[in-house]
Structures are given as C-alpha cells and as structure tokens.
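Overview (structure and organization)
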Amino acid sequence: PVVVASSSPSATPTTKAPTLSPVVLESSSPSAKPPLGSPTSLVSVANVLSLSTTTVLGNEGCSGGVDGTTNTCSISRKKFDQVGKRKAGFVAITTHSKSIVNAIRVYTSNTCTSCDPKTVSIEGRNSDTEAWEVIAKDLYINLRKTRNGLGDPINSSFETGDTTKVFTEVPFDNEAEYSQYQVKFPTIRGSSNTILFAEVELPGYIYL
C-alpha cells in the first residue's frame, strides 16, 4: 500500500492503489510553485541538504543521512540526558547561500524498526552565531516497517521521493530562508537508544 503521512498523529493516513514496485511509499509532494514574493532566481530541488556538511548533535558525523543513498545514519540517544534525548539529531550546513524548504522526507534504514524516528522537528538559521528558529515542530512520521536496502542510490525529485524506496513525506508551511538546518527526532518508534534512518530530504528552493 502507498501511504501519505500526516503532520498530526491523530490524522488518518490516505491509502492509494499500489504501484508496480512492491516496496514503495509515495506521498504528497511539496507545492509546485515558489513561495509568494520569492525572486525568480529560486529553483526547485529534491533536497537542499545535498552535499551538506553534517554534524550529529553531541556525536560523530552522519554523512550517510544526506548522501543521496540508503546508507544508514545512526544517532546515539545515549549522548543526551533524559530531557535532552528530544534534541537528538543532526545539523546540516548547506552549500547554497540560502534556501526555502516546505517538506521533509525520511527513508527507512535497512534494519531495526524500533529505531525508526516517530516525530521530527526542523529548525533553521543563517550563521553559527544566530539562534535556531523553529520551522516545523513535532511532525508525525508514519514510517512503514518495510526496510530499504543498504547503499542503494536514491533517485528523487522536487515533486516526489524515490518511489522504488520506502519513505514518508510530511509537508509544512514555510517561506523563511536559511542556510543551516537542524533536524531533531524527539521520539522514536520503540525504546531503543539508537535512531536509525537511511536518508533525510528537505525538498525546496535554492538560489542560483
């Protein structure tokens, strides 16, 4: 079945007819039009985090989380205290001057369904000296328990993720521009101390 994720846990997922691919999770795509008031130099991309420098908060790097493949990113929640576990995630400094994002896609890892992120929060800023600003908070991720393979290339677009892979997309409203993003996973499916996912995509707009 093909499930569209909701930003609210109480919302009922929408099921579409299956496709020719047996392991596919499609979702609603971001807006096809640039945000109001945006300059014409903005172009849509599948992931503004592509080729970003990533840093796991309080942990080692997590380049596998934004490398365009299903290589797994592992984040240890043990690095945080009980309250701080809600901050477990990663920071990505993009190669673009600024960008605008209005959705997030999360691809499942190749193992450990109990390690799947359950909720996600996204924050942005434009320099290391600025405070993080909330873009979207506690979005519900309805990840399927079907697993992706390990190390397979992801072929996605602005309109949709890779429909030969298992992923969930959650859209949100945003017109603010940022060059750095912080993606945090407040809760996971099980009680594991490890968060696992294959890829995070922030489809949106970048400046040429």
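Residues numbered from 1 in each chain as written. Predicted model: local features only at pLDDT ≥ 70, side-chain atom pairs only at ≥ 80, totals over all residues. Heavy atoms only, no water.

**Digging into the state of the cysteines**
Any covalent bond linking the sulfur atoms of two cysteines counts as a disulfide. Within the structure shown, the criterion is met by one disulfide. With its sulfur 2.0 Å from that of its partner, Cys-112 forms a disulfide with Cys-115. Across the disulfide from Cys-112 to Cys-115, rotation about the S-S bond amounts to roughly 60 degrees, and the bridge is consequently right-handed. Classification of Cys-112 as partly exposed rests on a relative accessible area of 26%. (Disulfide = S-S within 2.5 Å. Buried < 20%, exposed > 50% of the residue type's maximum accessible area, 1.4 Å probe, protein only.)

**Considerations on the environment of Arg-125**
Within the secondary structure, Arg-125 sits in strand E9 (residues 119-125). Separated by 32 residues in the primary sequence, Arg-125 and Ile-93 place their C-alpha atoms 9.6 Å from one another. Every residue in contact with Arg-125, bar those within four places of it in the chain, is listed here: Glu-130, Ala-131, Trp-132, Tyr-178, Ser-179 and Gln-180. A distance of 3.3 Å separates a polar atom in the side chain of Arg-125 from the backbone oxygen of Ser-127. Looking at Arg-125, its side chain comes within polar contact range of the main-chain oxygen of Glu-130, at 3.2 Å. (Helix = DSSP H or I, 4+ residues; strand = E, 2+ residues; numbered from the N terminus. Contact = heavy atoms within 4.5 Å. Polar contact = N/O pair within 3.5 Å; in protein donor to acceptor, adjacent residues only side chain to side chain.)

**Section: the packing of aromatic side chains**
A complete count under the given rule lists five aromatic pairs for this structure. Plain terms: the ring middles of Tyr-178 and Tyr-181 are 6.2 Å apart, the flat faces sit at 75 degrees to each other, and that makes the pair edge-to-face. What makes Tyr-178 buried here is its relative accessible area of 6%. Site record: aromatic cluster; members linked through ring pairs are Phe-90, Phe-185 and Phe-197. (Phe/Tyr/Trp six-rings, centres within 6.5 Å; stacked < 30°, edge-to-face > 60°.)

**Some details on the sheet that holds strand E6 (residues 89-93)**
Spatially, five strands are ordered E4-E6-E12-E9-E10 in an open sheet, and the strand pairing comes out antiparallel. This sheet does not close on itself; its edge strands, each paired only once, are strand E4 (53-56) and strand E10 (133-140). Here the average twist between neighbouring strands, direction ignored, is 15 degrees. Pairing geometry for E9 and E10, over five bridges, is antiparallel. (Pairing = 2+ DSSP bridges. Axes fitted to C-alpha atoms, helices over the stretch in contact; angles between N-to-C directions.)

**Thoughts on the pattern of salt bridges**
Here the structure, examined in full by the defined rule, presents seven salt bridges. A salt bridge links Arg-105 to Glu-201, with the shortest nitrogen-to-oxygen separation between them at 2.9 Å. Note that Arg-105 is positioned in strand E8 (residues 103-107) and Glu-201 in strand E14 (residues 199-201), a separation of 96 residues in sequence. For Asp-116, the salt bridge goes to Arg-189, with nearest N and O atoms at 2.8 Å. Here Asp-116, found in the loop between E8 and E9, pairs with Arg-189, found in the loop between strand E12 (180-184) and strand E13 (194-197); they are 73 residues apart in sequence, far enough to count as distant. (Salt bridge = Lys/Arg side-chain N within 4 Å of Asp/Glu carboxyl O.)

**Describing the sheet that holds E14**
In space, the three strands of this open sheet follow the order E11-E8-E14, with antiparallel pairing throughout. Only two strands of the sheet have a single neighbouring strand rather than two, namely strand E11 (167-171) and E14. Geometrically, the sheet is characterised by an average inter-axis angle of 15 degrees between neighbouring strands, direction not taken into account. Strand direction decides the pairing type here: E8 and E11, joined by five bridges, are antiparallel. Looking across to E11, one finds that Ala-103 is bridged to Pro-171.

**Focus on the nonpolar core**
Generally speaking, nonpolar side chains in soluble globular proteins are found buried as a group. Membership of the largest hydrophobic core comes to 36 residues, with the highest contact counts inside it found for Leu-49, Phe-90, Ile-104, Tyr-181, Phe-185 and Phe-197. Listed by contribution, the elements that provide at least two residues to this core are strand E5 (73-76), E6, E8, E9, E10, E12 and E13. Contact partners of Leu-49, with chain neighbours within four places excluded, come to Val-66, Phe-90, Ala-92, Thr-94, Tyr-181, Val-200 and Leu-202. (Core = buried A, V, L, I, M, F, W, Y, C linked by side-chain atoms within 4.5 Å.)

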